[in-house]
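Reading the structure
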Amino acid sequence: MIEAVLLGLAMALVIEGLVLALAPRRLEDLIAMISQIPFETRRMIGLICVGLGVVGVGFVRAVFGG
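Predicted, not measured: the structure shown is a model, and the values here were computed from it.

**Some words on the overall build of the chain**
When helices and strands are tallied, the chain shows 3 helices and 0 strands. Each helix and strand of the chain, placed in order from N terminus to C terminus, yields the pattern α-α-α. For 66 residues, the compact-globule estimate of 2.2 N^0.38 gives 11 Å, and the chain exceeds it by more than 25% at 15 Å. Principal-axis analysis of the C-alpha atoms gives the chain an extent of 40 × 30 × 20 Å. Put simply, the chain shows about 6000 Å² of open surface, and 75% of that area lies on carbon and sulfur atoms. Distance between charge centroids for the chain: 4 Å, based on 5 positive and 5 negative side chains.

**Some points on the confidence of the model for the chain**
Atom-level detail of predicted coordinates should not be read off regions where pLDDT is low. Taken over all residues, the pLDDT of the chain has a mean of 92, while the share at 70 or more is 98%. Looking over the chain, one finds the lowest element-wise mean pLDDT in helix H1 (residues 2-22), namely 91, and the highest in helix H3 (residues 39-64), namely 94.

**Comments concerning the pattern of salt bridges**
Pairing of side chains with opposite charge becomes possible as their charged atoms draw close. All chains considered together, the criterion is met by 1 salt bridge. For Glu40, the salt bridge is made with Arg43, and the minimal N-O distance between the two is 3.9 Å. Here Glu40 and its partner Arg43 are both found in helix H3, 3 residues apart, which amounts to about one turn of the helix.

**A short note on a nonpolar patch on the surface**
A contiguous nonpolar patch, built from Met1, Ile2, Val5, Leu6 and Leu9 and spanning about 550 Å² of accessible area, is present on the exposed surface. One can find Ile2 in helix H1.

**Some thoughts on the environment of Phe64**
Here Phe64 shows up in helix H3. On a C-alpha basis, the gap between Phe64 and Ile31 in space is 36 Å, while along the polypeptide they are 33 residues apart.

About the cut-offs
- Residues numbered from 1 in each chain as written.
- Predicted model: local features only at pLDDT ≥ 70, side-chain atom pairs only at ≥ 80, totals over all residues.
- Heavy atoms only, no water.
- Helix = DSSP H or I, 4+ residues; strand = E, 2+ residues; numbered from the N terminus.
- Rg over C-alpha atoms; globule rule 2.2 N^0.38 Å.
- Areas by Shrake-Rupley, 256 points an atom, 1.4 Å probe, with all protein chains shown as cover.
- Lys, Arg positive; Asp, Glu negative; His and termini not counted.
- Charge placed at Lys NZ, Arg CZ, Asp CG, Glu CD.
- pLDDT = per-residue confidence, 0-100.
- Salt bridge = Lys/Arg side-chain N within 4 Å of Asp/Glu carboxyl O.
- Patch = residues over 30% accessible without salt bridge, like charges linked within 9 Å, V, L, I, M, F, W, Y side chains within 5 Å.

And the structure:
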């Protein structure tokens, strides 16, 4: 289990690093756009993403075993 968590964190770092390395200006534009979204809307988007992630992990574990 800890191996899967560490692998997931490592993969997230790779993706985040690629965004910063390949498109730093676009990231600034995205941050400016996100800052215009109301706080509660951002919170709801975050909670929905967490929920989708949990469902996705459960789905993958159910289909591929784990």
